Amino acid sequence: MAQFEEVSKQSSQHPKPAGLVLQYGTAGFRTNAKHLDHIMFRMGLLATLRSKKTKATIGVMVTASHNPEEDNGVKLIDPMGEMVTPAWEGYATQLANAEQGDLLTALKDIIEKESINMSQEANVFVGKDTRSSSASLSQAVLDGVLLNFDSFLNFFLHFSHHFYYGLVTTPQLHYMVCCQNTQGKYGEATIEGYYRKLCQAFIQLTKNASNCTDDQKHLSVDGANGIGALKVREMESHLRRELQISLFNDGSKGKLNHQCGADFVKVQQKPPTGININPGERCCSFDGDADRIVYYYTDSDGQFHLLDGDKIATLISTFLKELLTQAGLDLKIAVVQTAYANGSSTHYLEDTMKVIVRCTKTGVKHLHHAAQEFDIGVYFEANGHGTVLFSKVAEEKIQQLAEDPNMNDERKRAARLLQNTINVINQTVGDAISDMLLIEAILAIRGMTVQQWDAIYSDLPNRQLKVKVSDRRVIDTTDAERRAVSPAGLQEAIDTLVKKHRLARSFVRPSGTEDVVRVYAEAETQESADSLAHEVSLAVYRLAGGVGDEPKPLH
Ligand SMILES: CC(=O)N[C@H]1[C@@H](OP(=O)(O)O)O[C@H](CO)[C@@H](O)[C@@H]1O
Ligand SMILES: [Mg+2]
């Protein structure tokens, strides 16, 4: 039939390798770039359907974040700038895995299930990171978006508009999707608009910092040789030297994420290559798509100190809590973490700060969701991915107070600080650039050094390891991934091992982005954390079908 000829003609430009099965995981599809062309084309199609369904603009971001340069990936962004809803993750997987000849049926299936009106207009925003494969892969997405559904499906008329942003950070695309769908209420849907909003708020905030020295204003940034570096350069003039950045790993020579970037620094617990660090100087690293950030410094003994997502969440929530007190506002603030949060951070937040702490499964969508339940929800993964959410009620109360002519100066000042804090934050998703500006503003306002920030609490020594098993799905977890319910005997083995160490905690879970089981352990000393992590790795290897060599001790 003519209709099927059309299908095969158009989609055969982006053929699916027969038998290849990929899953829409924690952060979309992610694998070696050479397996992704058909996925990109099909995600272009799916984004168009999602747009018709929601009658809103949908984002498609081509990136593999902190993965090696050879990999790539894609994720969809829903109307408010949030991750795409779970049911559509399922459709994404179905569409991705339909063999070439079944693609039409798979599409029709989604259209029927979701009762999509195909005559509805579609709008899709597409962005990409700096990977060499991103150019052709984002073109494949556009081919999918622009495909004429009329001839493709012999359905109704099809209007589809797209805007190709080209090189953007992941959070910038989330931001612009939200701006577009709120008719500019969240900001202007352009990169310039993004810089303007964030930098203006940053400058307003730092006006509250008295006697800010050049040292305080200086920050070294490791751009992971990725998109974040380009965008920091682009933004710099908007900062009017209120923040003075030395940019390293800007992509001019090094390889993306190679021995640098937020993931490297967090997991290896050491500084990236390609950066000059003087003792005591504040540094930060972005990841490959600039949605994560971690801070660090080395002390005069050459000792490395990491300030990860947990320390960031603590700094931000302390700042916000103080402002709420000064403003006399009764708003409920909570911090959302995952099982990877350092035990010391959880204790500090609950026992000293007296804030509500929630623990969710790994993956930003889970944290984001939990944070939405509070007036102010601060969420961060330990690896530095996070942001702050303000409820509508919270924003309104803050605005009212800031504009109340009868209010006393102290309360008003606090409310204005809160207002600018809201504006410097990208509430759609964790954003390295926005988080950096917020952290820098807080440190400046409080006249705080990175050492003082680090000293708020001391991390428990910890270790993360990976174990290869033949099928990681044999591990099932509960209690926000803190306990394993299968395979039989694994949790009991972990419990026994944990009891042999002081102040210890350990858990295992299958990764959602790599074909490995992740092991986490923390304990009173580094030796203890390392040996516990190794012992638990062995238990995983033995009880959950380990492949290759048995895990070796770290020392
Ligand atoms: C321990 C860890 O850092 N896990 C990361 C990693 O997920 P895994 O499911 O652990 O592979 O990638 C996710 C996406 O970037 C991120 O959200 C998450 O925090
Ligand atoms: Mg990332």
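The written sequence of each chain sets the order in which its residues are numbered from 1. Note on labels: chains are lettered from A, ligands numbered from 1, in written order. Local features are withheld for residues below a pLDDT of 70 in this predicted model, meaning they are given only at 70 or higher, and side-chain atom pairs are given and counted only at 80 or more; totals for whole chains, interfaces and linings count all residues.

**As for the environment of Arg-282**
Item 1. By definition, any uninterrupted DSSP run of H or I lasting at least four residues is a helix, any uninterrupted run of E lasting at least two residues is a strand, and each is numbered from the N terminus. Within the secondary structure, Arg-282 sits in the loop between α11 (262–268) and β8 (283–286).
Item 2. It is 19 Å that separates the C-alpha atoms of Arg-282 and Val-267, two residues lying 15 residues apart in sequence.

**Some details on the pairing of strand β4 (residues 122–128)**
Item 1. To assign burial, the other C-beta atoms lying within 10 Å of each residue's own C-beta are counted, with C-beta atoms placed from the backbone; 20 or more indicates buried, 12 or fewer indicates exposed, and intermediate counts indicate partly exposed. The buried fraction of β4 is high, at seven of seven residues.
Item 2. Here β4 shows a buried face lined by Ala-122, Val-124, Val-126 and Lys-128 and a second buried face lined by Asn-123, Phe-125 and Gly-127.
Item 3. Two strands pair when backbone bridges link them, and strand β2 (residues 57–62) and β4 are joined in this way by six bridges, in the parallel orientation. The residue of β4 that forms the bridge with Thr-57 is Asn-123.
Item 4. Strand pairing is defined by DSSP finding a minimum of two bridges between the two strands. By the bridge criterion, seven bridges tie β4 to strand β5 (residues 160–167) in an arrangement that is parallel. Within β5, the position partnered with Gly-127 by the bridge is Gly-166.

**A closer look at the UniProt feature "active site" (unreviewed entry) in the protein**
Item 1. UniProt positions are given in the numbering used here, feature names are shortened, and annotations may be inferred rather than shown by experiment. The sites that UniProt annotates as "active site" (unreviewed entry) are Ser-65.
Item 2. Position of Ser-65 relative to the elements: it lies in the loop between β2 and β3 (71–77).
Item 3. Here contacts are defined at the residue level, using C-beta atoms placed from the backbone and a cut-off of 7 Å between them. In this structure Ser-65 touches Ala-27, Asp-287, Gly-288, Asp-289 and Asp-291, once residues within four positions along its chain are discounted.

**Regarding the site of ligand 1**
Item 1. Placing the C-beta atom from the backbone, one calls a residue near a molecule or strand if that atom lies within 6 Å of it. Close to ligand 1 lie 15 residues; Ala-27, Asn-383, Ser-511, Gly-512 and Thr-513 are nearest.
Item 2. Residue polarity follows a fixed list, in which Ala, Val, Leu, Ile, Met, Phe, Trp, Tyr, Cys and Pro are nonpolar, Asp, Glu, Lys and Arg are charged, and the others, Gly among them, are polar. Class assignment of the residues belonging to the shell around ligand 1 gives a composition of three nonpolar, nine polar and three charged.

**Considerations on the UniProt feature "domain: Alpha-D-phosphohexomutase alpha/beta/alpha" (unreviewed entry) in the protein**
Item 1. Mapped onto the present numbering, the UniProt feature "domain: Alpha-D-phosphohexomutase alpha/beta/alpha" (unreviewed entry) falls on residues 52–87.
Item 2. With 14% helix and 36% strand, the stretch residues 52–87 has end C-alpha atoms that lie 16 Å from each other.

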